[in-house]
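Tertiary structure, described
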Amino acid sequence: MCQECGCATGTGEVHVHDGHHHHHHHGPDPRSIEVVRDLLHANDHAAAHNRDHMRRHGVVAINLMSSPGAGKTALLEATIDALAPRWRIAVVEGDLETDNDARRIRAKGVPAVQVTTGQTCHLDAGMVHEALHQIDLDAVDLLFIENVGNLVCPAGFDLGQDANVVLLAVTEGDDKPAKYPVMFRAADLVLLSKSDLLAVLDDFSPERAAENVRALANGAPVETISAKRPESLKPWFAWLEARLAAAQAPIPAEAAE
Amino acid sequence: MHELAICQGLIDEVERIAADNGGGAVDSILLAVGPLSGVEPVLLQRAFEVARAGSCAAQAELAIELLPVMVACRSCGGGGEASANRLLCPQCGDWQVDLVSGDELQIRRVALDCDAPAAG
């Protein structure tokens, strides 16, 4: 039997699965095992569990990623101010050290679970699973997972989120999507943050940043925002509201099985 | 540097594959890695030397096959090879392409040592 998919394939057969280059060659040497197994199989399994768990509770989960200091926590503070009156929000905070960010969120009256990763430069699905056990998901509509500030490693680990939101501060340079293609290719929404500084920067073009996202074959919206200018956050809130409305809508009978 | 975390996942999967196939020490492992996996093959090799200690792959060689970035165009129906940060159709230049290959991070083959008993 085929170890990878459980299908009843005999020795010497070759078969192909669903266009994912999923070839199995059960050759004559019984000690050489041909497989197609993702290295992140265990993380992906845990992420699927998280996703299922949150969907059953009607929770919209947003994985917020950026380099350190792009303004993730400031954006969350402004978002809580605007949306907490209508939606129940909780936050999972990932940091190498300190619970400073979780304390900033709790000061807004919103539950926050701090995950300190130590030397680990990203959150993984197992860490988020542990954090979810500390949150009453029945009392949450919108969960933000603030990932460790890092444009490299977090992109590789599915957490079970509904969407990835990547912040790019206008102080960082508009070519960041070209330098970190794995991260920006995975973005469902890109927020160009700290836009109140655009007036004093002559080398950042929001249009170029958006073009660099498109060059990654990514059609995600790119919005220019500043946590200090509530008016600029309207497209971000509208994007969140649309996802919340979709999650609250009753599941169609044929899809519910 | 998430290559160590990824290597620990690799060792777990290899141990499972070896156990499912009668056990024994692992002689070699072949991976297929695309540039858009976010993993640096050189760092992966180095991390593997740390991660393999004490496992059934403690003596195993790690081979990494690098896969190209290939796209298929939704606009013109063409396609071909692209670079990791310019995923544009090589024929018409459109960005509305699907990735055909290039984000893989997969175990493709595990060779078990026929003579040596399993470590540990």
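A brief report on the enclosed structure follows. Keep in mind that this is a model prediction, so the values were computed, not measured.

About the cut-offs
- Residues numbered from 1 in each chain as written.
- Chains lettered and ligands numbered in written order.
- Predicted model: local features only at pLDDT ≥ 70, side-chain atom pairs only at ≥ 80, totals over all residues.
- Helix = DSSP H or I, 4+ residues; strand = E, 2+ residues; numbered from the N terminus.
- Rg over C-alpha atoms; globule rule 2.2 N^0.38 Å.
- Buried ≥ 20, exposed ≤ 12 C-beta atoms within 10 Å, placed from the backbone.
- Contact = placed C-beta atoms within 7 Å.
- Nonpolar A, V, L, I, M, F, W, Y, C, P; charged D, E, K, R; others polar.
- Pairing = 2+ DSSP bridges.
- Axes fitted to C-alpha atoms, helices over the stretch in contact; angles between N-to-C directions.
- Parallel < 35°, antiparallel > 145°, perpendicular 65-115°, else oblique.
- Left-handed = near helix turned anticlockwise from the far one by under 90°.
- Arc of directions from axis to C-beta.
- Expected span 1.5 Å × (residues − 1).

A few points about the overall build of chain B
Scanning chain B for helices and strands turns up two helices and six strands. The order of α-helices and β-strands along chain B, N terminus first, is α-β-α-β-β-β-β-β. A globule of 120 residues ought to have a C-alpha radius of gyration of about 14 Å, yet chain B, at 18 Å, is considerably larger. On the principal axes, the C-alpha backbone points of chain B span a range of 55 × 30 × 15 Å. Relative to its full complement of 120 residues, chain B shows a buried share of 42%.

Focus on the overall build of chain A
Looking only at helices and strands, chain A features nine helices and ten strands. The 257 residues of chain A split such that 44% are buried. Considering only contacts within chain A whose residues lie at least 6 apart along the sequence, 70% involve residues at least 24 apart.

Considering the interface of chain B and chain A
Contact with chain B, which involves 31 residues of that partner, is made by 29 residues of chain A. Only α1 (3–20), β5 (97–101) and β6 (105–112) of chain B provide two or more residues apiece to the side of chain B that touches chain A. A breakdown of the residues in the side of chain B that touches chain A according to their chemical character gives 19 nonpolar, six polar and six charged. Two strands pair when backbone bridges link them, and strand β3 (residues 32–38) of chain A and β6 of chain B are joined in this way by five bridges, in the antiparallel orientation.

Quick notes on the environment of Val26 of chain B
Mapped onto the secondary structure, Val26 of chain B falls in strand β1 (residues 26–33). Excluding residues within four positions of it along the chain, Val26 of chain B makes contact with Val14, Ala18, Cys56, Ala57, Ala60, Val110 and Leu112 of chain B.

Overview of the sheet that holds β3 of chain A
Sheet strands associate in pairs through backbone hydrogen bonding, adopting either a parallel or an antiparallel arrangement. Taking strand neighbours across the sheet as the criterion, the four strands line up as β3(A)-β6(B)-β1(B)-β2(B) in an open arrangement whose pairing is mixed. Of all the strands in the sheet, just β3 of chain A together with β2 (61–66) of chain B have a single pairing partner and so form its edges. Shown here is a sheet whose adjacent strand axes are inclined to one another by a mean of 20 degrees, direction ignored. Strand direction decides the pairing type here: β1 of chain B and β6 of chain B, joined by seven bridges, are antiparallel.

Section: the packing of helix α1 (residues 41–56) of chain A against helix α4 (residues 125–132) of chain A
Residues and elements named next belong to chain A. Taken N-terminus to C-terminus, the directions of α1 and α4 make an angle of 30 degrees; their axes are 8 Å apart at the nearest point. Between α1 and α4, the angle is such that the two are roughly parallel. For the pair α1 and α4, the crossing hand works out as left-handed. Residue-level inspection shows Asn43, Ala46, Ala47, His49, Asn50 and His53 of α1 in contact with α4, the latter providing Ala125, Gly126, Val128, His129 and Leu132. Within the contact of α1 with α4, the residues separate by chemical class into five nonpolar, six polar and no charged.

Here's the deal with unusual backbone geometry
Most of the time, phi is negative for any residue but glycine, and the peptide bond is trans. Residues and elements named next belong to chain A. Residues other than glycine seldom take positive phi values, yet Thr98 does so here, at roughly 70 degrees. Within the secondary structure, Thr98 is located in the loop between β5 (89–95) and α3 (100–106). On the basis of neighbour count, Thr98 is assigned to the exposed category, with 11 C-beta atoms found within 10 Å. Here the phi dihedral of Lys194 falls at roughly 60 degrees; this positive angle occurs in a residue that is not glycine. Within the secondary structure, Lys194 sits in the loop between β9 (189–193) and α7 (206–214).

Let's talk about α4 of chain A
All names here are of chain A. Looking only at α4, the buried set comprises Ala125, Met127, Val128, Ala131 and Leu132. Looking straight down α4, one finds its buried side chains confined to an arc of 160 degrees; they lie on one side. The elements touched by buried residues of α4 are α1, β5, β6 (112–116) and β7 (142–146).

Examining helix α2 (residues 72–83) of chain A
All names here are of chain A. A rise of 1.5 Å per residue sets the reference length of α2, with its twelve residues, at 16 Å; its end C-alpha atoms lie 16 Å apart and thus fit the reference within 8%. Within the sequence span of α2, burial applies to Lys72, Thr73, Leu75, Leu76, Ala78, Thr79 and Ile80. Packing partners of the buried residues in α2 comprise β4 (60–65), β5, α3, β7, β8 (163–169) and β9.

Comments concerning the packing of α1 of chain B against helix α2 (residues 41–51) of chain B
Residues and elements named next belong to chain B. Running from N to C, α1 and α2 cross one another at 60 degrees; their axes reach a closest spacing of 8 Å. As far as their axial angle goes, α2 and α1 are oblique. Here the hand of the crossing between α1 and α2 comes out right-handed. Residues Glu3, Leu4, Ile6, Cys7, Gln8 and Ile11 of α1 form the contact with α2, whose participating residues are Leu43, Leu44, Ala47, Phe48, Val50 and Ala51.

Remarks on the sheet that holds strand β10 (residues 222–224) of chain A
Residues and elements named next belong to chain A. Strand order across the open sheet formed by seven strands is β6-β5-β7-β4-β8-β9-β10, with parallel pairing between neighbours. Two strands in the sheet have a free side with no partner beyond their single neighbour: β6 and β10. Each strand axis lies, on average, 20 degrees off the axis of its neighbour in the sheet, ignoring direction. Bridge count for β5 against β6 is five bridges, and the pairing is parallel. Within β6, the residue paired with Glu93 across the bridge is Gln114. Where α4 meets the sheet, it contacts β5, β6 and β7, and its direction lies at approximately 145 degrees from that of β6.

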